[in-house]
Amino acid sequence: MPLVEVSLSEGRDPAAIRALIHELHAAVERAVGSPAQSIRVIVREVPRTHWAAGDQTLAERDEISKGG
């Protein structure tokens, strides 16, 4: 039973997340040959205040890019 887990910063359109799930599912089905019913995809959305790189959260980067 393949399990694909993806973490994204929150704020994407639900349709974009649905499209991602579809594409990941199809890729696993093609690559591994697992039955469609056994493939699991989990998408976790992380608040931008809880995701950091270089000691700066994505929310802080957003503020800087806005000029704030």
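You'll find the structure just up there.
Model, not experiment: these values are computed from the prediction.

Draft legend 1. Spatial organisation of the pattern of salt bridges. Scanning the entire structure with this criterion turns up three salt bridges. The partner of Arg44 in a salt bridge is Glu5, and the shortest N-O contact between them spans 2.4 Å. Remark: Glu5 occurs in strand E1 (residues 3–9) and Arg44 occurs in strand E2 (residues 40–46); sequence separation between them is 39 residues. The class for Arg44 is partly exposed, based on a relative accessible area of 41%.

Draft legend 2. Geometry of the nonpolar core. Among the nonpolar cores identified, the biggest contains five residues, and these are Val4, Val6, Leu8, Val28 and Ile39. If you tally residues by element for this core, the top one is E1, at three residues. When residues no more than four places from it in sequence are discounted, the contact partners of Leu8 are Leu20, Val43, Arg44, Glu45, Val46 and Trp51.

Draft legend 3. Quick look at the pairing of E2. Relative to E2, E1 runs parallel, the two being bridged by seven bridges. Counterpart to Leu3 in the pairing with E2 is Arg40. The parallel pair E1 and E2 is bridged by helix H1 (residues 14–32), and the resulting crossover is right-handed.

Reading the values: the criteria
- Sequence positions are assigned chain by chain, starting from 1 and proceeding in written order.
- Local features in a predicted model are, by the rule used here, given only for residues with pLDDT of at least 70; side-chain atom pairs are given and counted only at 80 or more, and totals for whole chains, interfaces and linings are based on all residues.
- To get the side-chain values, all heavy atoms of the structure are used, and hydrogens and water are removed first.
- Salt bridge, as used here, is a side-chain nitrogen of Lys or Arg placed within 4 Å of a carboxyl oxygen of Asp or Glu.
- Only DSSP runs of H or I with at least four residues qualify as helices, and only runs of E with at least two residues qualify as strands; both kinds are numbered from the N terminus onward.
- Exposure is judged per residue with a 1.4 Å probe applied to protein chains only, and the accessible area is read against the type maximum: over 50% gives exposed, under 20% gives buried, and values in between give partly exposed.
- To form a nonpolar core, buried Ala, Val, Leu, Ile, Met, Phe, Trp, Tyr and Cys residues must be joined to one another through side-chain atoms within 4.5 Å.
- Note on contacts: a residue pair is in contact if any heavy atoms of the two residues lie within 4.5 Å.
- Strand pairing is assigned whenever DSSP detects at least two bridges linking the two strands.
- With the strands pointing away from the viewer, any crossover whose connection runs clockwise from the first strand over the helix to the second is right-handed.

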